[in-house]
Amino acid sequence: MPVLIFATHNPHKLQEVQSVLPASIRLLSLQDVGYKENIPEPYDTLEENSRVKALTIYEALQRDCFAEDSGLEVPALNGAPGARSARFAGDHASDAENLALLLSRMEGISRREARFRTVITLIWQGKLHQVEGICEGTIATAPRGKGGFGYDPVFIPEGSQQTFAEMSLDEKNQFSHRAKAIRAFCDLVYRLTAESDSR
Ligand code: IMP
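Residues numbered from 1 in each chain as written. Predicted model: local features only at pLDDT ≥ 70, side-chain atom pairs only at ≥ 80, totals over all residues. Heavy atoms only, no water.

### A short note on the overall build of the protein
So, step 1. Counting secondary structure elements, the protein contains five helices and six strands.
So, step 2. Secondary structure of the protein in N-to-C order comes out as β-α-β-α-β-α-β-β-β-α-α.
So, step 3. Here the C-alpha atoms of the protein give a radius of gyration of 17 Å, agreeing with the 16 Å that 2.2 N^0.38 yields for 199 residues.
So, step 4. Each principal axis of the C-alpha distribution contributes one length, and for the protein these read about 60 × 30 × 25 Å.
So, step 5. Out of the 199 residues in the protein, the part that is buried amounts to 49%.
So, step 6. A sequence separation of at least 24 residues applies to 56% of the contacts in the protein between residues at least 6 apart.
So, step 7. Accessible surface computed for the protein: about 10300 Å², of which carbon and sulfur atoms make up 48%.
So, step 8. Taking the average place of the 22 positive charges on the side chains of the protein and the average place of its 27 negative ones, the gap between the two points comes to 1 Å. (Helix = DSSP H or I, 4+ residues; strand = E, 2+ residues; numbered from the N terminus. Rg over C-alpha atoms; globule rule 2.2 N^0.38 Å. Buried < 20%, exposed > 50% of the residue type's maximum accessible area, 1.4 Å probe, protein only. Contact = heavy atoms within 4.5 Å. Areas by Shrake-Rupley, 256 points an atom, 1.4 Å probe, with all protein chains shown as cover. Lys, Arg positive; Asp, Glu negative; His and termini not counted. Charge placed at Lys NZ, Arg CZ, Asp CG, Glu CD.)

Pasting the structure below:
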């Protein structure tokens, strides 16, 4: 059975990933392995941040592990907030402050398309692999709904009239970037497991 360390200190994410992963993949948290250090996210791209998070844990523990990084990309804002989504309005900004800044930057802009993207980096038997999940959509002119987190109240995924914040978690998972990335990640783990079993 593959045993993987998830390089996050966020218990919410751990739970979300665990709920999508099949029981045949065993997940360990950083708490399970006693890792307490901060994990850096110093770069401007999701690919680099996801990679450095996975490498940080691999270098410290020398064990199979993975990390994820997600963000909202708005073409009319040249791809912002992107890898800075959590810190758009400042290093310690709240979700509400980030969302308010996004709406103010989008004021008067009619091109409202956007996408959420998740990049997962897996380090498996010393080799690095990346998969992504994308959810295309548009930015509403005002927040709607009480569920979810981050930019959910203003993001309307393609194929729906509702914002993510107006959906249940199950409904959101039918569209979400993170759910798609986790599915691609599961396929990758199955493929790698099958390949090493056949050797
Ligand atoms: P993370 O890399 O998954 O921690 O995501 C970084 C930031 O992107 C979050 O703090 C949110 O601001 C934003 N974000 C990522 N995924 C979502 C989502 O599913 N809904 C709303 N905001 C999100």
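### Some remarks on the site of the ligand
So, step 1. Taken together, 15 residues sit near the ligand, with Lys 13, Ser 70, Asp 152, Lys 172 and Arg 178 positioned nearest.
So, step 2. In the model, an oxygen atom of the ligand is placed 2.8 Å from a nitrogen or oxygen of the Ser 70 main chain.
So, step 3. More than half of the atoms belonging to the ligand lie within 2 Å of the grid points that define the largest pocket.
So, step 4. Sorting the residues of the shell around the ligand by element identifies β3 (65–73) and α5 (177–198) as the ones contributing at least two each.
So, step 5. Looking at the shell around the ligand element by element, the count peaks at four residues for β3.
So, step 6. Grouping the constituent residues of the shell around the ligand by class yields four nonpolar, five polar and six charged. (Near = heavy atom within 4 Å. Polar contact = N/O pair within 3.5 Å; in protein donor to acceptor, adjacent residues only side chain to side chain. 1 Å grid on protein atoms, 1.4 Å probe; cavity = no way out; pocket = protein on both sides within 12 Å on 5 of 7 lines; lining within 4 Å. Sits in = over half its atoms within 2 Å of the grid points. Nonpolar A, V, L, I, M, F, W, Y, C, P; charged D, E, K, R; others polar.)

### Here we look at the side chain of Thr 163
So, step 1. Of note, Thr 163 is situated in the loop between β6 (155–157) and α4 (169–175).
So, step 2. A polar contact of 2.7 Å, which involves the side chain of Thr 163, links it to the backbone oxygen of Arg 144.
So, step 3. Beyond its immediate stretch of four places on either side in the chain, Thr 163 contacts Arg 144, Asp 152, Pro 153, Val 154, Phe 155 and Ile 156.

### A word on the packing of aromatic side chains
So, step 1. One pass over the full model with this rule turns up five aromatic pairs.
So, step 2. The interplanar angle of 40° and the centroid separation of 4.4 Å between the aromatic rings of Phe 66 and Phe 185 together place this pair among those described as tilted. With Phe 66 in strand β3 and Phe 185 in helix α5, the pair connects residues that are 119 residues apart, well separated along the chain.
So, step 3. Take Phe 66: its relative accessible area is 1%, and that puts it in the buried class.
So, step 4. A ring pair is formed by Phe 116 and Phe 164, whose centres lie 6.0 Å apart and whose planes are at 10°; its orientation type is stacked. (Phe/Tyr/Trp six-rings, centres within 6.5 Å; stacked < 30°, edge-to-face > 60°.)

### Topic: the pairing of β3
So, step 1. Counting buried residues along β3, nine of its nine residues qualify, which places the element largely inside the surrounding structure.
So, step 2. Burial along β3 is two-sided: Cys 65, Ala 67, Asp 69, Gly 71 and Glu 73 facing one way and Phe 66, Glu 68, Ser 70 and Leu 72 facing the other are all buried.
So, step 3. By the bridge criterion, two bridges tie strand β1 (residues 3–6) to β3 in an arrangement that is parallel. Its bridge partner being in β3, Ile 5 is matched across the sheet by Cys 65.
So, step 4. Sheet topology note: the β3/strand β4 (residues 113–124) ladder contains nine bridges and is antiparallel. Counterpart to Asp 69 in the pairing with β4 is Val 119. (Pairing = 2+ DSSP bridges.)

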